[in-house]
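Given next are the chains, with one letter for each unit.
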Amino acid sequence: MIQKNKLRNKLIATLTIIILTISLTLIGIEGIAQATSLSIWPAPPLKLTFPNAIIGEANSWGITKIKAPVPAGVSDGSVTVETEFGTSNGSPINIASSFIPDESGEGTTWNNTVSGNITTDTVWSQNILITGDVTVPNGVTLTIEPGVTVFFDINDDQSSGYWTNRSELHVFGTLIAEGAEDNPIYFTTNAPVKVENKWGSINIRLNSTNSSLSYCVIHYAREGIRYYSADNEGGGTISGILSNCNITHNSLGIHLAASPDWTDGGTITVNPLITNNLIKYNAGSGVFMETFTGYGTGKIDAVFQNNIVRNNSTGIYIHGSSWWLGHVDNYPQIINNTINNNAIYGLEIRAVGSSDSSGSDTDVQPTIEYNLFDNNEVNIGLFLHPYGNDGSQLLKPIIRYNSIGNGEHGIQIEEDVAQPLETLEPTISHNVFLGFEDIGGYAINNMTNRTITATTNYWGDTVEEWDAGARASDINGNVVTSNYLNSNSAPILTRIESANVQTGDQVTLYGANFTQSEVFIPLILK
């Protein structure tokens, strides 16, 4: 029956092309430029369901991609795709603007200068130059109005902060920098040559939990924005919201750090919501999430969702290390992002023990779901570095419902010499691996002596490849790939781009087994 359905679909596809060609000839249109990936759905139908049980109508699709407008009446929730072989998992969307400002439009001059402490609630409504470190103490709110350009001097007349030769903004209280789609806020340098590392950073510091930045452009800094505590400040929380911002041309884009350390110890938790930002062209990492301590507990459980991370050295770097009496929990959620064209890693994850035989307790367990990894040199890199047998290291990422394609390798796994108290157990399931056969890379490159389990995945981007499962050339090392998904399996839905949507927005849905036969719509030149 399945073979009959496939034959029927191919016949319908062929007849559709003939009808299209005859119709175009009859109306006098000549010169079909090329076939695109837009296709007409042959029977059986595809059912696209948005939140509130609202049925969508795809206007183009292929076996691994669907494009569709968002219908009216949709709220936050999940989208599913149903075919004759079953219903996919749900992939999340949110009702919100996906707009991100570009770098044009920032000011060229300033009206005032500022340096030092801000002691009362303050509003900046005109362009301003920061000539030395500015500090917003606990209990004080700094509001920056839409359209304002904040310039940072290349020097620091306070000679303070993390970089004593760069001006910075330190926020222990609250920063409200909420621009608008037609009136962004800019954080930039006053230097005549606009390159990275011309000013310090926006530092969201310990116990600042309500800061909000949206519709901002942050560029040319040492580190664009930091949610950061690493100064023996004792326990506390760092949080806030960063959304719809363009973070570009910095040495490092976004930096999260939790390190209580000696002598104050305690527990530091860093958990901002980072959503719908464009993070690109940063010289180092686009995003760096690190927990490190020898005393006390450092925790990161940030939510990083619906961002685009591209053209950085490394897209996202997650690092946990501990020694002596320190404990770290690095549990960020990396959900529904596009991570592509980064020079080294799309996502790099490391769990590290002590190098001084003092003991360690490192726990790195990020959740990585519904993402599109494409054309990074290594899309996902996992590294376990215990150094010695004097502590415990856990590296247990959950990697599922992702499209992972192209680049040199899909997932690369490495470790130092195995130690008795370490754990390296990634969950790798319900992903779509595709595109590695064209470049001689591996979908999974296991460089350890361990056996890695990667079951219930789609391997490839054609019906024939799915039915064959992982080939020997897809895998290096000991990897179990049994129970793979095939052309009779339910579809998988991975990334929705963009997952911040409004009625009528066009979204692209990635995954596998949306259909098994395509008809290409000719693109007419005239």
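Further up the page is the structure itself.
Residues numbered from 1 in each chain as written. Predicted model: local features only at pLDDT ≥ 70, side-chain atom pairs only at ≥ 80, totals over all residues. Heavy atoms only, no water.

Chemist: Mind showing me how you'd approach the pairing of strand 35 (residues 360-364) here?
Modeler: On any regular strand, side chains alternate: one points to one face of the sheet, the next to the other face. Of all the 5 residues making up strand 35, 4 are buried; the element is thus mostly covered by neighbouring parts of the structure. The sheet contact formed by strand 31 (residues 314-330) and strand 35 spans 3 bridges and is parallel. Pairing of valine 328 across the sheet is with threonine 362, part of strand 35. (Buried < 20%, exposed > 50% of the residue type's maximum accessible area, 1.4 Å probe, protein only. Helix = DSSP H or I, 4+ residues; strand = E, 2+ residues; numbered from the N terminus. Pairing = 2+ DSSP bridges.)

Chemist: Looking at this model, I keep getting lost on the nonpolar core. Mind explaining?
Modeler: By size, the foremost hydrophobic cluster in this structure holds 76 residues, and its most contacted members are Ile144, Phe187, Ile202, Leu213, Ile411 and Ile444. A total of 4 residues in this core trace back to one element, the largest contributor, which is strand 11 (residues 128-136). With sequence-adjacent residues up to four places away left out, isoleucine 444 is seen in contact with Ile411, Ile413, Ile428, Phe433, Ala454, Trp459, Asp474, Ile475, Asn476 and Val479. Among the nonpolar cores identified, the runner-up in size contains 19 residues, and Ile54, Val79, Val507 and Leu509 belong to it. (Core = buried A, V, L, I, M, F, W, Y, C linked by side-chain atoms within 4.5 Å. Contact = heavy atoms within 4.5 Å.)

Chemist: How should I be thinking about the side chain of glutamate 369 in this particular structure?
Modeler: Take glutamate 369: it is sitting in strand 36 (residues 367-369). Residue class for glutamate 369 comes out buried when judged on its relative accessible area of 10%. A distance of 2.4 Å separates polar atoms of two side chains, one belonging to glutamate 369 and the other to arginine 400. In contact with glutamate 369, not counting residues within four places along its chain, are Ile334, Ile335, Asn336, Arg400, Tyr401 and Asn402. (Polar contact = N/O pair within 3.5 Å; in protein donor to acceptor, adjacent residues only side chain to side chain.)

Chemist: How do you make sense of the state of the cysteines when you look at a structure like this?
Modeler: Should the sulfur atoms of two cysteines be covalently bonded, the bond is a disulfide. Per the stated rule, a full pass over the model turns up 0 disulfides. Cysteine 245 provides the cysteine sulfur closest to cysteine 216, a residue in no disulfide bond, and the two sulfurs are 4.2 Å apart. Its relative accessible area of 0% is what places cysteine 216 among the buried residues. (Disulfide = S-S within 2.5 Å.)

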